[in-house]
Amino acid sequence: MYSNHHNRNRPAQERTSAFAAQFSLSHSCWLLTYPLAGWLGAEAGLQSAVVALGAIVLTAGLLAVRLWPTKNRLVVEHEHRDLRDGHPHLVDAVRGPNGWRHSHDCLADALHTG
């Protein structure tokens, strides 16, 4: 349920927040659909409840396929011009004429804003 792809693309200090957000979203969905299943089952019958909840699951699944990032990892080669020699992010970087050049999974953090 909780994607490693998203953990790789998050800086270490944001992974706990990302997990908490995913956990909250999944439990919010459960909080809405569990009582709905009971109410629909009691009011409209189990067959109607199964059909309605099946439609919700199908819609959620189609949305997930459409909106969720692909499994392909996006590796980006780039330069850092403003990091000092010895910065921990530059462990595998090569010094070039304009800065440090290296590649890794695409990250969204303070070091990779552009």
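All of these numbers come straight from a predicted model, not from anything done at the bench.

Parameters and conventions
Residues numbered from 1 in each chain as written. Predicted model: local features only at pLDDT ≥ 70, side-chain atom pairs only at ≥ 80, totals over all residues. Heavy atoms only, no water. Salt bridge = Lys/Arg side-chain N within 4 Å of Asp/Glu carboxyl O. Helix = DSSP H or I, 4+ residues; strand = E, 2+ residues; numbered from the N terminus. Buried < 20%, exposed > 50% of the residue type's maximum accessible area, 1.4 Å probe, protein only. Contact = heavy atoms within 4.5 Å. Polar contact = N/O pair within 3.5 Å; in protein donor to acceptor, adjacent residues only side chain to side chain. Pairing = 2+ DSSP bridges. Axes fitted to C-alpha atoms, helices over the stretch in contact; angles between N-to-C directions. Left-handed = near helix turned anticlockwise from the far one by under 90°. Nonpolar A, V, L, I, M, F, W, Y, C, P; charged D, E, K, R; others polar. Expected span 1.5 Å × (residues − 1).

Now for the pattern of salt bridges. When the charged atoms of two side chains lie near each other, side chains of opposite charge can form a pair. For the structure shown, the criterion picks out two salt bridges. Put simply, R81 and E79 hold a salt bridge, and the shortest N to O gap is 3.7 Å. With a shortest N-O distance of 3.9 Å, R101 and E79 are connected by a salt bridge. You can see R101 sitting in strand β3 (residues 99-105) and its partner E79 sitting in strand β1 (residues 75-80), a full 22 residues away along the chain. E79 gets classed as partly exposed once you look at its relative accessible area, which sits at 26%. Put simply, E79, R81 and R101 are held in one network by salt bridges that share partners.

Within the secondary structure layout, W100 lies in strand β3. Given a relative accessible area of 14%, W100 falls into the buried group. When the C-alpha positions of W100 and R81 are compared, they lie 6.4 Å apart, and in sequence the two are 19 residues distant. Excluding residues that lie within four positions of it along the chain, W100 makes contacts with H78, E79, H80, L83, D85, L90, A93, V94 and R95. A distance of 3.4 Å separates a polar atom in the side chain of W100 from a polar atom in the side chain of D85.

Moving on to the sheet that holds β1. Backbone-to-backbone hydrogen bonds pair the strands of a sheet. The strands run either parallel or antiparallel. Spatially, the three strands line up as an open sheet ordered β1-β3-β2, and their pairing is antiparallel. A strand with exactly one partner marks an edge of an open sheet, and here the two such strands are β1 and β2 (94-96). With direction set aside, neighbouring strand axes in the sheet form an average angle of 30°. The pairing of β1 with β3 spans six bridges and is antiparallel. Looking across to β3, one finds that H80 is bridged to W100.

As a further point, take the packing of helix α2 (residues 15-44) against helix α3 (residues 46-67). Two numbers describe how α2 lies on α3: the axes approach to 7 Å, and their chain directions differ by 145°. Considering only the axes of α2 and α3, their crossing is right-handed. Contact with α2, carried on its side by T33, L36, A37, L40, G41 and A44, involves L46, S48, A49, A52, L53 and I56 of α3 and no other residues of that element. Class assignment for the residues of the contact of α2 with α3 results in nine nonpolar, three polar and no charged.

Now for α2. For α2, built from 30 residues, the straight-helix expectation of 44 Å at 1.5 Å per residue is met to within 8% by its first-to-last C-alpha distance of 42 Å. Turning to α2, its buried residues are A18, Q22, S26, L40 and G41. G45 sits one or two residues past α2 and shows a positive phi near 100°.

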